[in-house]
Amino acid sequence: MRKFILLWLAVILQTTPLLAQTPAADKPAPFNPVQINRQLDAMTAKLNSGQVTKEQTSDFIQSLTQLQASLAQVRQNYNAELESSTKKLNALGPAPEKPSSEPAAISKQRKEYAAAVDNNKAQIAQIDLISAKIDEINGLILKIRNRQLLDNILVKQSSIFHPQEFGQSLASFAGFVYEPVSY
């Protein structure tokens, strides 16, 4: 029995540091619209420069997709907070016409909930603006890819009606038809 208890304590002591680190690793990064806007502006500048490769556009699309997923999660969190703050504000009832007639504690709570509602609405608006910017960048990437595809089509194929191309094709065909067959 004593060996079992010692073994159990050893396992707990070994796994405790891992358990302590797990919640910190799962915590998402805070929402920073200024940093996200800088990243999106850098992507837009790189795309507009005309010196972007296919690999870079693929990387941009991948990072934009990840950003959209994280923004959707953050927006959902702000919506939940907004709904909670709005319910609490509505539970306090309408504000009296004379602010002095309301108890100080309720007035303080009303101001806190109103500030929370305003903050959540502002953050949701920031997320919506960033989402619109991401959509514009996706459209720009689509234009660049379509232009690259069109350029590849036009460069790799020449018209058969071009005299030099027609002559070379005719000579190749004649060589193929008159080639002696050996059995």
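Not measured: the values here are computed from a predicted model. (Residues numbered from 1 in each chain as written. Predicted model: local features only at pLDDT ≥ 70, side-chain atom pairs only at ≥ 80, totals over all residues. Heavy atoms only, no water.)

Break down the overall build of the protein for me, citing the residues and quoting the values.
The secondary structure content of the protein amounts to five helices and zero strands. Out of the 183 residues belonging to the protein, those deemed buried represent 16%. Considering only contacts in the protein between residues 6 or more positions apart, those separated by 24 or more positions represent 77%. Carbon and sulfur atoms make up 61% of the accessible area of the protein, which totals about 14,400 Å². (Helix = DSSP H or I, 4+ residues; strand = E, 2+ residues; numbered from the N terminus. Buried < 20%, exposed > 50% of the residue type's maximum accessible area, 1.4 Å probe, protein only. Contact = heavy atoms within 4.5 Å. Areas by Shrake-Rupley, 256 points an atom, 1.4 Å probe, with all protein chains shown as cover.)

So what about the confidence of the model for the protein? Which residues, and what values?
Overall, the prediction assigns the protein a mean pLDDT of 82, with 79% of residues at 70 or greater. Confidence, expressed as mean pLDDT per element, reaches its minimum in the protein at helix α1 (residues 2–26) with 53 and its maximum at helix α3 (residues 54–91) with 93. (pLDDT = per-residue confidence, 0-100.)

So what about the nonpolar core? Which residues, and what values?
Counting 22 residues, the largest nonpolar core has F31, L40, L47 and L71 as the members making the most contacts within it. Setting aside chain neighbours within four positions, we find L40 in contact with L64, L67, I130, K133, I134 and I137. (Core = buried A, V, L, I, M, F, W, Y, C linked by side-chain atoms within 4.5 Å.)

Break down helix α2 (residues 33–49) for me, citing the residues and quoting the values.
The first and last C-alpha atoms of α2 sit 24 Å apart over 17 residues, in line with the 24 Å expected at 1.5 Å per residue. For α2, the complete set of buried residues consists of P33, I36, L40, M43 and L47. With its buried residues spanning 90° around the axis, α2 presents them on a single face. Just past α2, the residue G50 takes up positive phi, approximately 80°. (Expected span 1.5 Å × (residues − 1). Arc of directions from axis to C-beta.)

If you had to explain the side chain of N120 to someone new, which residues and values would you point to?
Secondary-structure assignment places N120 in helix α4 (residues 104–156). If we skip the residues at most four places from it in the chain, N120 touches Y78, E81, L82 and S85.

Lay out the pattern of salt bridges in plain terms, naming residues and giving numbers.
One pass over the full model with this rule turns up three salt bridges. Two residues, D41 and K133, come together in a salt bridge whose shortest N-O distance is 2.8 Å. Residue D41 is located in helix α2, and its partner K133 is located in helix α4; the two are separated by 92 residues in the primary sequence. Between K87 and E83 there is a salt bridge, and its shortest N-O distance comes to 3.5 Å. One end of the pair, K87, and the other, E83, are both in helix α3, four residues apart, so they sit about a helical turn from each other. (Salt bridge = Lys/Arg side-chain N within 4 Å of Asp/Glu carboxyl O.)

Break down α3 for me, with residues and values.
With 38 residues, α3 extends 55 Å from end C-alpha to end C-alpha; this agrees with the ideal 56 Å at 1.5 Å per step. Along α3, the residues that are buried comprise T57, F60, L64, L67, L71, V74, Y78, L82 and S85. Count one or two residues on from α3 and you reach G93, which has phi positive near 85°.

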